[in-house]
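# Fold and geometry: a report
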Amino acid sequence: MRHGKLRGKLGRTGSHRKALLRNLVRGLVIRKRIRTTVSKAKVVRPFADRMIEIAKRGDLHARRLLISHLGSPETAHLLITQIAPHFKERQGGYTRILKIGGYRPGDGAAMAL
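Definitions and cut-offs
- Residues numbered from 1 in each chain as written.
- Predicted model: local features only at pLDDT ≥ 70, side-chain atom pairs only at ≥ 80, totals over all residues.
- Heavy atoms only, no water.
- Helix = DSSP H or I, 4+ residues; strand = E, 2+ residues; numbered from the N terminus.
- Expected span 1.5 Å × (residues − 1).
- Bend = angle between axes of the 7 residues up to and from the residue.
- Contact = heavy atoms within 4.5 Å.
- Buried < 20%, exposed > 50% of the residue type's maximum accessible area, 1.4 Å probe, protein only.
- Lys, Arg positive; Asp, Glu negative; His and termini not counted.
- Salt bridge = Lys/Arg side-chain N within 4 Å of Asp/Glu carboxyl O.
- 1 Å grid on protein atoms, 1.4 Å probe; cavity = no way out; pocket = protein on both sides within 12 Å on 5 of 7 lines; lining within 4 Å.
- Points joined across faces, edges and corners; volume = space filled by probe spheres on them.
- Nonpolar A, V, L, I, M, F, W, Y, C, P; charged D, E, K, R; others polar.
- Pairing = 2+ DSSP bridges.

## Focus: helix H4 (residues 73–86)
- With 14 residues, H4 extends 20 Å from end C-alpha to end C-alpha; this agrees with the ideal 20 Å at 1.5 Å per step.
- Bending of H4 peaks at approximately 35° at the position of Leu-79.
- Elements that come into contact with the buried residues of H4 comprise helix H1 (14–31), helix H2 (38–57) and helix H3 (60–70).

This is the structure we're talking about:
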């Protein structure tokens, strides 16, 4: 039974899903906005919010955790220096999913920002 299993699998293996989440969060940090499917956005939102929570601490351990989760020192630096100070007073809800109403031409998947 799937009790307590909240994360979507997205039809991928664990390593592929981990790489996908890393790349989506990296794109979100660098470009401040990404265009993806609604299902991917719903899966990546908790991961991105956790990364921002870690970045808000701003210490060396937080930096090392971000590098290990995201695999990129540059992204960790951006999170700590630019994004985390913006959310200093907020206690959660850092990302928002906006359904753009369009569908991907290839498979008809609903798209979101």
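The discussion continues.
## Quick look at the side chain of Lys-40
- Within the secondary structure, Lys-40 is located in helix H2.
- Setting aside chain neighbours within four positions, we find Lys-40 in contact with Leu-10, Arg-12, Leu-20 and Leu-24.

## Observations concerning the side chain of Asp-49
- Following the sequence through the fold, Asp-49 ends up in helix H2.
- One buried charge, Asp-49, has no salt-bridge partner; the nearest side chain with opposite charge is Arg-45, at 5.6 Å.
- Among residues more than four places away in sequence, those in contact with Asp-49 are Gly-93, Tyr-94 and Thr-95.

## Concerning the layout of surface pockets
- Taken as a whole, the largest pocket encloses approximately 530 Å³ of empty space.
- Lining the largest pocket we find 22 residues, and of these Leu-28, Lys-32, Tyr-94, Thr-95 and Arg-96 sit closest to its centre.
- When residues in the lining of the largest pocket are grouped by element, the largest group, five residues, is from H2.
- Broken down by class, the residue content of the lining of the largest pocket amounts to 15 nonpolar, three polar and four charged.

## Side note on the pairing of strand E2 (residues 99–103)
- With zero of five residues buried, E2 lies mostly on the surface of the structure.
- Two strands pair when backbone bridges link them, and E2 and strand E3 (residues 110–112) are joined in this way by two bridges, in the antiparallel orientation. Bridging from a neighbouring strand, Tyr-103 pairs with Ala-110 of E3.
- In sequence, E2 turns back onto E3 through a hairpin of six residues, with Gly-108 there showing a positive phi of about 75°.

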